[in-house]
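The lines below spell out each chain.
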Amino acid sequence: MTRPEPLPDQWYSRDLLVLHEVAHAFADDPQATPEASDIAESLNLDEDLVGLIGESLKEAGYVDGISTASDGIIIFTKLTPAGRREVGLWPSPDTAADRLMASLEQAIDRAQGEQKTRLQRVRDGLSQAGRDVVIGIATGVATGQLGG
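Quick summary incoming for the structure in this document. Keep in mind that what you see is a predicted model, and the values were worked out from it rather than measured.

1. Some points on the pairing of strand β1 (residues 63–68)
Logical step 1: Strand direction decides the pairing type here: β1 and strand β2 (residues 72–79), joined by 6 bridges, are antiparallel. Bridge pairing in β2 places T68 opposite G72.
Logical step 2: Hairpin connection, β1 to β2: the antiparallel pair is bridged by 3 residues.

And the structure:
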C-alpha cells in the first residue's frame, strides 16, 4: 500500500495568518477583544472559517476566546504565551536564531574591508554548522545559559 499524498497546507496558508491578525489586534491594544468577523474581514476570509480556525488555535494553546458550539471562537480574548512566541512577540529559539542571522547580515552590509570578510566567514561558518547549532547559540545568548 502506498502512502497517500499529504493534504494541502493549512497552517501557513490560513491558520498562521489568523493568528498573526489576532496578535496584531492585541499588540495594538492589549485590552482588545477582536471578533472573528473583524479578523475575517481584514483577511478576506469567511467568518465561520475564522471561528473554526480560532477554535483550533485555542485547542493548540495559542489563543483563548468566547466560543459557540457551532461557530467556534466568535471573540478572541487572549493571545497566550505560546501564541506570542509563535508570532515572534516573545522570544523562542527559532525567532532568536532568525534574528541572530538577520543581525549578522545587517552587520555585513554595514562593514567594509577585512571586517566585512570576517563577518562573512562567521555567517558562512554558522550556516555550515546547521540550524540546530545556530538555535543553540541564540538560545544560550537569550537565556544567559552559555557554556558547557
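2. Examining helix α6 (residues 113–129)
Logical step 1: Taking 1.5 Å of rise per residue, 17 residues should cover 24 Å, and α6 covers 25 Å from first to last C-alpha, within 8% of that figure.
Logical step 2: Considered for burial, the residues of α6 that qualify are L119, R123 and L126. Projected down its long axis, α6 shows its buried positions confined to an angular sector of 65°, all on one face. Within α6, the exposed residues directed more than 90 degrees away from the buried face are G113, R121 and Q128.
Logical step 3: Two residues or fewer after α6 comes G130, characterised by a positive phi angle close to 110°.

3. Some details on a negative patch on the surface
Logical step 1: Together, E35, D38, E41, D46, E47, D48 and D71 line one region of the surface with negative charge.
Logical step 2: At the level of elements, α2 (36–43) and α3 (47–59) are the ones that each hand at least two residues to the negative patch.
Logical step 3: Relative to the helices and strands, D38 is located in helix α2.
Logical step 4: Note on D38: relative accessible area 45%, which makes it partly exposed.

Criteria and thresholds
Residues numbered from 1 in each chain as written. Predicted model: local features only at pLDDT ≥ 70, side-chain atom pairs only at ≥ 80, totals over all residues. Heavy atoms only, no water. Pairing = 2+ DSSP bridges. Helix = DSSP H or I, 4+ residues; strand = E, 2+ residues; numbered from the N terminus. Expected span 1.5 Å × (residues − 1). Buried < 20%, exposed > 50% of the residue type's maximum accessible area, 1.4 Å probe, protein only. Arc of directions from axis to C-beta. Patch = residues over 30% accessible without salt bridge, like charges linked within 9 Å, V, L, I, M, F, W, Y side chains within 5 Å. Areas by Shrake-Rupley, 256 points an atom, 1.4 Å probe, with all protein chains shown as cover. Salt bridge = Lys/Arg side-chain N within 4 Å of Asp/Glu carboxyl O. Lys, Arg positive; Asp, Glu negative; His and termini not counted. Charge placed at Lys NZ, Arg CZ, Asp CG, Glu CD.

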